[in-house]
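These are the residues of each chain, in order.
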Amino acid sequence: MIPFKEVMATFYHALLLDLSMTAYIAVIPLLGYIFWLLSGRKSVTLSWINVYNLTLIAFFSIISVINFNIYREWGSKVNSKALGFAIDSPTVAIASSASSPIGLSIAALLMLIVISYFLHKLVVTNKITLSSSPIWLRALVALLLIALNVMILRGGFRGSPITQSMAYFSEDQTLNNAAVNTEWNLMRSVLSARMANKNPYVYLSNQQADAIIKDLYAVKKDTTINILKTKRPNVVMVIIESFTADVTKTLGQEEGITPHMDSLFKKGVLFSKIYASGYRTDKGILATAAGYPTFASGSIVKWPEKMQKIPAIAQSLYRNGYETSFYYGGESEFDNYKAFILGHNYQHLVDRKDFKSDNMQSIWGKFDEAVFARQVADLGKMKQPFFSTTMTLTNHEPFTLPRKPKFPGDDNPSKFKSTANYTDSCINAFLNNARKKDWYKNTLFIFVADHGHGLPKNAYEIFMPQRYHIPLLFYGDVIKDEFIGKDFSNVGSQADIAATLLAQLDIPATEFVWSKNMLNPYVKPFAFFSWENGMGFIDQQQCVTFDTVGNVVAYDSDAENKQQSALTLSYAKACLQKIYQQFIEL
């Protein structure tokens, strides 16, 4: 039974999207009003507004009733898929809705129309009178009205524009879906539908693509190298903003930027040839925490109803008795992170608004040291075993710091090195504080970047594999002594963390179809990555990247071996084609 308090909270958390949809609806009347205001008319009759409003009342009432029944059948709100289904196959759509309560639906429809019509008659006037005023004042009022409407439309002055995530507040997905404005969600779905309906990356026949993917992920023997002393450690995953391999001495030959992380590499299990799935945080978080790779120009975070259908590490661990939490110093609503977090069994979410003080804060949110300090304080209160994820943000443009930078200079490479150095020091302080806690000895720490970066070297273009090279480290007292300082140098992907971790915990990972256990000697070592206009595939022999707009090879590490290059390129094409096709079918 859902508590009454949480049900009522739905209305509060729905306000931003409700207001945003209201602002969209108000665009046409607002433009009309501004025209009248600037034209100097003294009075205006609003008969057309009645037609506009009554049309919307009827349409929105119908959509709301359809949404009731769609949610009963599909478990998701009405979207472009439902509309397309009704338009393309009306007979089938009617048959599919035969189980819907017709009488209740009609009663709800009539009630919505009658109440809305009554409110319309009560609130909307049929005539407005405009007072005389100077043209400059009328122009100023017009600009202010436009600015106010745009502000409401985008969800306020916050850094990120409005998304469905801003309505999410509960572990119960029914409440989250109830808080999402139905018409706003439908509008967003229709505008995005083209991308989710047709695969733009079809290079091979389905049979060829299927055969390649099957061969790449085929494993002769389901086994693993067990590096942990226990099957049920606490797990703390730290996803580090823009922490490219190039900032480290061990992997990038850069001196003095990350001394603490370089030291940790020698005290844990390092995976030295790991490649990020994409080039942005929204892609990195899904690859890392859900084992879901990127697909070039798209990102599944834009489709919460699809994103809810993919698995996540937190879900698997929650089902196996772990208490789960997520820490982020920024706005969790940004790019629908919150929808992913609350939709995948993270029981506790701490983000920017959960810090009472404005101290230790940049334009993006709380500096890393404040977030790590909060996490250490909270973990002692959680039931063990726990799974806690932290996503840092200080090492992000515009590279601001709460202290004097280590590397002087106003150029971006210097500022980037200084913020990376700061995050490195925060990780060291985090571990030092954690060592004082009783849960530390039974905790596995996983450190990985969300994506790579062009800085600090400014030497690699977006289509080059070095741009995606990131560190991955398993660290903690739970690691067996014989594996301390071990470097597993086979090529792997950020998306492989899910299967690798779950295998260590003896938890099935079959639902993570794009994730490989990198500690299984029989797994083929490779990584697939993509960016807005291209994709790449790298294994132990070669890397080939491909520009999907120009349809040309962008990079080839062994261009003289044309036969191998063609084979490697076919792997990249098969991966992108199948990943995108799965996205469409979700």
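Check the entry above for the structure.
Keep in mind it's a predicted model, so treat the numbers as computed, not measured.

Draft legend 1. Structural detail: the side chain of Thr 548. Secondary-structure assignment places Thr 548 in the loop between strand 14 (543-547) and strand 15 (552-556). Thr 548 has contacts with Tyr 201, Tyr 203, Asn 533, Gly 534, Met 535 and Leu 576, leaving out every residue within four places of it along the chain.

Draft legend 2. How the structure looks around helix 19 (residues 497-504). For helix 19, the tally of buried residues reaches seven of eight residues, placing the bulk of the element in the interior. Looking at helix 19, one finds that the buried residues are Ile 497, Ala 498, Ala 499, Thr 500, Leu 501, Leu 502 and Gln 504. Tucked inside the fold, the buried residues of helix 19 contact strand 3 (234-240), helix 13 (281-290), helix 15 (313-319), strand 8 (443-449), strand 9 (469-475) and strand 11 (492-493). Looking one or two places after helix 19, you find Asp 506, whose phi comes out positive at around 60°.

Draft legend 3. Spatial organisation of the pattern of salt bridges. Counted by the stated rule, this structure contains 13 salt bridges. We note a salt bridge from Asp 282 to Arg 280, for which the minimum N-O separation is 3.7 Å. A single network of salt bridges, built from pairs that share partners, joins Arg 280, Asp 282, Lys 302 and Asp 335.

Draft legend 4. Main features of a nonpolar patch on the surface. The grouping of Leu 38, Ile 135, Trp 136, Leu 137, Leu 140, Val 141 and Leu 144 at the surface amounts to a nonpolar patch, some 640 Å² of accessible area in total. Here Trp 136 lies in helix 7 (residues 135-154).

Draft legend 5. Fine view of the pairing of strand 4 (residues 269-275). Burial runs high along strand 4: six of the seven residues are buried. Judged from the five bridges that link them, strand 4 and strand 9 form a sheet pairing that is antiparallel. Among the inter-strand pairings, Leu 270 is bridged to a residue of strand 9, identified as Leu 473. Summarising the sheet, strand 4 and strand 10 (residues 487-488) pair through two bridges and their orientation is parallel. In the strand pairing of strand 10, Leu 270 is matched with Asp 487. Two strands pair when backbone bridges link them, and strand 4 and strand 11 are joined in this way by two bridges, in the parallel orientation.

Draft legend 6. Spotlight on the sheet that holds strand 13 (residues 534-539). Within the open sheet, the four strands sit side by side as 12-13-14-15. Their pairing is antiparallel. Each edge of the open sheet is held by one strand with a lone partner, namely strand 12 (526-531) and strand 15. Geometrically, the sheet is characterised by an average inter-axis angle of 20° between neighbouring strands, direction not taken into account. In terms of strand pairing, strand 12 meets strand 13 through six bridges, oriented antiparallel. Bridge pairing links Ser 530 to Met 535 in strand 13. Against the sheet, helix 20 (residues 562-585) engages strand 12, strand 13, strand 14 and strand 15, with an angle of about 125° to strand 13.

Draft legend 7. Region of interest: the nonpolar core. Core analysis: the largest hydrophobic core is formed by 137 residues, its most contacted members being Phe 340, Phe 445 and Phe 447. In terms of residues, this core owes the most to one element, helix 20, which gives 10 residues. With residues up to four places along the chain from it excluded, the contact list for Phe 340 reads Ile 285, Leu 286, Ala 289, Ala 290, Met 307, Ala 312 and Tyr 346. Core analysis: the second largest hydrophobic core is formed by 11 residues, Met 464, Phe 529, Ile 538 and Tyr 555 among them.

Rules used throughout
- Within any chain, residue numbers begin from 1 and follow the written order of that chain's sequence.
- Whole-chain, interface and lining totals are the exception, using all residues; otherwise, since this is a predicted model, local features are given only for residues with pLDDT of at least 70 and side-chain atom pairs are given and counted only at 80 or more.
- Side-chain metrics in this entry use all non-hydrogen atoms of the structure; hydrogen atoms and water are not considered.
- The helix and strand labels rest on DSSP assignments: H or I over at least four residues marks a helix, E over at least two residues marks a strand, and numbering proceeds from the N terminus.
- Contacts are assigned to residue pairs with any non-hydrogen atoms lying within 4.5 Å of each other.
- Each residue is assigned to one of three classes by its accessible area relative to the maximum for its type, calculated with a 1.4 Å probe on protein chains only: buried under 20%, partly exposed between the two thresholds, exposed over 50%.
- Each salt bridge in this description consists of a side-chain nitrogen of Lys or Arg and a carboxyl oxygen of Asp or Glu lying within 4 Å of one another.
- Candidates for patches are residues over 30% relative accessible area with no salt bridge; among them, like charges are joined within 9 Å and nonpolar side chains (Val, Leu, Ile, Met, Phe, Trp, Tyr) within 5 Å.
- Only the protein chains shown count as covering a residue, and every accessible area follows the Shrake-Rupley method with a 1.4 Å probe.
- Strands are labelled as partners when DSSP assigns at least two bridges between them.
- For helices, the fitted line uses only the C-alpha atoms of the stretch in contact; every axis is such a line through C-alpha atoms, and the angle between N-to-C directions lies from 0 to 180 degrees.
- The set of buried Ala, Val, Leu, Ile, Met, Phe, Trp, Tyr and Cys residues whose side-chain atoms join them within 4.5 Å is what this entry labels a nonpolar core.

Take it as geometry only, folks, not as evidence of what the structure does.
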